[in-house]
Amino acid sequence: MRTYIRSHLKGGTYFFTVNLAQRNQNDLLIRYIDELRNACRYTKQRHPMIIEAMVVLPEHLHCIWRLPEGDDDYPMRWRLLKSHFSRQIQKNEFVSDSRLRKSERGVWQRRYWEHQIRDETDYQRHLDYIHYNQVKHGYVDKAVDWRYSSIHLWIKLGIYTENWAALPDLIEQNWG
């Protein structure tokens, strides 16, 4: 078994990618968007954090969280969010033998990608990545056309324009 070394900075800001266990032709996250929103609220009420940015795609999501001063326990927040969401939806997903032995559902991948935001440039790069992702995956031609994105808030704040991520020079950028 692999040992994952996670970054832990109390009060840190982190970028996450979280995937469903079954990613192929799965629209669970947008089909149950209200349940996902409830799970986010439920988690934030018990363990505060600020969701700076987020995009929810059919089978994965990206977000930036800022944790309170003195707190670095994002793994517990992800456990809580994933389990609360999973309890709200029907049990009809494939469950592997190893998950059955551990009495787990088969909704989420066990692991997730985490990256500690290092500075303002790193923050902006990840913010752009989040808000471009729906275009990158071909769900929309313009970032603003995706309903499940915090880009709408960032447009209201004047950080992005309505036509951001629709211009050819942005589409050709290396987002990885």
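Details of the structure are given in the entry above.
It should be emphasised that the depicted structure is a prediction, and the values quoted were computed from it without experimental measurement.

Trainee: Any chance you could explain the pairing of strand E2 (residues 50-56) here in plain terms?
Mentor: For a regular strand, the rule is simple: side chains alternate between the two faces of the sheet. Burial of E2 is extensive: five of the seven residues sit out of reach of the surface. Remark: three residues form the turn of the hairpin made by E2 and strand E3 (residues 60-66), two consecutive strands paired antiparallel.

Trainee: Hey, could you run me through the pattern of salt bridges in this one?
Mentor: Should the charged atoms of two oppositely charged side chains come close, the side chains can pair. With the rule as written, the count across this model stands at eight salt bridges. Across the pair Lys10 and Asp72 runs a salt bridge whose closest N-O atoms are separated by 3.8 Å. Placement of the pair is Lys10 in the segment before strand E1 (13-19) and Asp72 in the loop between E3 and helix H3 (74-88), with a sequence separation of 62 residues. Note on Lys10: relative accessible area 52%, which makes it exposed. The residue Arg37 makes a salt bridge to Asp34 at a minimum N-O spacing of 3.6 Å. Of the two residues, Arg37 and Asp34 both sit in helix H2 (residues 33-46), three residues apart, roughly one turn of that helix. A residue is classified by how much of its surface remains accessible, and Asp34, at 48% relative accessible area, is partly exposed.

The rules behind the values
- Residues numbered from 1 in each chain as written.
- Predicted model: local features only at pLDDT ≥ 70, side-chain atom pairs only at ≥ 80, totals over all residues.
- Heavy atoms only, no water.
- Buried < 20%, exposed > 50% of the residue type's maximum accessible area, 1.4 Å probe, protein only.
- Helix = DSSP H or I, 4+ residues; strand = E, 2+ residues; numbered from the N terminus.
- Pairing = 2+ DSSP bridges.
- Salt bridge = Lys/Arg side-chain N within 4 Å of Asp/Glu carboxyl O.

Take it as geometry only, folks, not as evidence of what the structure does.
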